[in-house]
Amino acid sequence: MAYVNNIRMFLRVYELGSMSAAARDQRTSPAVASSRIADLERHLGVRLFNRTTRALHATEHGKLFYDGASKILDAIEEAEAKVMVATQSPRGTLFVAAPLGVGRRFIAPLVPEFKALYPEIDVRLRLSDRIIDVTGEGLDLCFHLGPLQDSELKVRVVADCPRILCASPDYIARRGMPETGDDLLTQTHDCLNLRFPGAQEFQWTLETEKGPRKFEISGPFESDDGDVLTGWALNGSGIILKPIFEIAEHLASGTLVPVAQRTPPLPTQLVCLSPSRRLRDPKVQLFAEFMVRNCREKLAKLHESYVLPA
């Protein structure tokens with residue numbers, strides 16, 4: 001397996017462009033990563049990377065080797081997958097990412113249940129609201145909430161997710177009730193926005209009589225954690241735009257109330273993304289099917305607990 005591990009390390013160094021990043025990805029040290037690349041270079045009799053103190057770049061030999069090495073690893077993983085299917089004993093480690101709200105409410109609570117069903121599969125879950133590079137970060141699966149950029153990833157829709165604009169009764173008492181998106185601007189309401197490195201837009205798209213329209217909202221606070229925004233809204237700091245599943249309990253209790261109902265936000269989608277070749281792996285298939293099925297059930301129950309205003 002040493003040669004296979006060396007190839008796997010080479011692929012991650014090539015894809016991530018960094019020895020230390022590849023080491024972190026493979027859960028080892030930079031020294032081990034460097035040693036594996038050196039072993040591979042000695043075996044092949046060529047230099048695969050040019051290294052400087054600031055950068056690492058693949059040589060022409062490295063670029064040539066990458067295509068063949070990718071096919072080798074794909075073939076090994078496919079063969080292993082067939083054996084796992086035949087023996088009905090999926091095993092290995094899954095690397096999964098999800099948005100903070102989705103991960104905390106749905107994915108993380110279900111991981112122990114999945115582990116109980118498949119004790120030979122380990123799960124490494126990473127939660128973040130930032131944009132995730134699924135292939136570059138070596139992930140098997142990524143749950144994504146919101147519009148998708150064009151990609152070669154396989155997409156499986158988990159559920160449509162209605163969204164709502166809301167604020168606390170205390171905020172409405174102090175600042176008044178906005179009826180439309182225009183009121184958010186003309187009445188200079190405090191809008192609490194989700195912002196993070198790599199975000200593509202900082203507007204709220206609302207449904208108007210003339211169709212969808214983007215509103216350039218502003219406010220005193222912003223965060224890259226959606227749950228932080230909910231906390232600020234609950235204490236009366238402003239208006240938030242949220243998927244209903246994240247705040248259903250607050251809407252049901254009245255601690256948050258709908259605003260600007262004449263121009264509601266467009267719904268969004270929760271999807272499951274995976275590199276095409278990963279889907280051949282039984283453990284990836286099992287995890288995806290388990291999570292999609294259970295997330296759909298939980299989302300349906302949450303949405304039933306709060307009916308959108310007519």
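The structure this text deals with has already been given above.
Peer 1: Can you explain the overall build of the protein? Please cite residues and give values.
Peer 2: Assigned secondary structure in the protein consists of 10 helices and 14 strands. A total of 310 residues make up the protein; the buried ones form 45% of that total. The contacts of the protein with a sequence gap of at least 6 include a subset with a gap of at least 24, amounting to 75%. When the accessible area of the protein is evaluated, it comes to approximately 16,000 Å², of which 52% is carbon and sulfur surface.

Peer 1: With reference to specific residues and values, describe the packing of aromatic side chains.
Peer 2: Enumeration over the complete set of coordinates arrives at nine aromatic pairs. Aromatic side chains Phe114 and Tyr118 sit 5.1 Å apart centroid to centroid with 45° between the ring planes, which places their arrangement in the tilted category.

Peer 1: Which residues make up unusual backbone geometry, and what values do they have?
Peer 2: The phi angle at Thr188 is positive, at roughly 45°, despite the residue not being glycine. Note that Thr188 resides in the loop between α7 (181-186) and β8 (193-194). Positive phi is not limited to glycine here, since Ala260 has a value of about 50°. Using a relative accessible area of 1% as the deciding quantity, one classes Ala260 as buried.

Peer 1: Any chance you could break down helix α5 (residues 100-117) for me, citing the residues and the numbers?
Peer 2: With 18 residues, α5 ought to run about 26 Å at 1.5 Å a step, and its terminal C-alpha atoms sit 25 Å apart, in line with that. At Ile107, α5 shows its maximal bend, which comes to roughly 40°, and the proline Pro109 appears one to four places after that position. Listing the buried residues of α5 in full gives Leu100, Gly101, Val102, Gly103, Phe106, Ile107, Leu110, Val111 and Phe114. Looking at the buried positions of α5, the neighbouring elements they touch are β3 (92-98), β4 (121-127), β5 (141-145), α9 (244-253), β14 (268-274) and α10 (282-304).

Peer 1: Provide a residue-level description of the packing of helix α1 (residues 2-16) against helix α3 (residues 30-44), including the pertinent values.
Peer 2: Contact geometry for α1 and α3: axes closest at 9 Å, N-to-C directions at 110°. Relative to α3, the element α1 is oriented roughly perpendicular. From α1, Tyr3, Asn5, Asn6, Ile7, Met9, Phe10 and Val13 reach across to α3, where they touch Ala33, Arg36, Ile37, Asp39, Leu40, His43 and Leu44. Looking at the contact of α1 with α3 residue by residue, the class counts come to nine nonpolar, three polar and two charged.

Peer 1: Just give me the short version of the pattern of salt bridges, but keep the residues and values in it.
Peer 2: Evaluated as defined, the whole model comprises 12 salt bridges. A salt bridge links Asp39 to Arg42; the nearest nitrogen and oxygen atoms lie 2.1 Å apart. Taken as a pair, Asp39 and Arg42 lie in helix α3 at a separation of three residues, close to a single helical turn. On the accessibility criterion, Asp39 (31% relative accessible area) is partly exposed. Exposure remark for Arg42: the relative accessible area of 60% places this residue in the exposed category. Look at the salt bridges and you will find they share partners, linking Arg104, Arg105, Asp225 and Asp227 into a network.

Criteria and cut-off values
Residues numbered from 1 in each chain as written. Predicted model: local features only at pLDDT ≥ 70, side-chain atom pairs only at ≥ 80, totals over all residues. Heavy atoms only, no water. Helix = DSSP H or I, 4+ residues; strand = E, 2+ residues; numbered from the N terminus. Buried < 20%, exposed > 50% of the residue type's maximum accessible area, 1.4 Å probe, protein only. Contact = heavy atoms within 4.5 Å. Areas by Shrake-Rupley, 256 points an atom, 1.4 Å probe, with all protein chains shown as cover. Phe/Tyr/Trp six-rings, centres within 6.5 Å; stacked < 30°, edge-to-face > 60°. Expected span 1.5 Å × (residues − 1). Bend = angle between axes of the 7 residues up to and from the residue. Axes fitted to C-alpha atoms, helices over the stretch in contact; angles between N-to-C directions. Parallel < 35°, antiparallel > 145°, perpendicular 65-115°, else oblique. Nonpolar A, V, L, I, M, F, W, Y, C, P; charged D, E, K, R; others polar. Salt bridge = Lys/Arg side-chain N within 4 Å of Asp/Glu carboxyl O.

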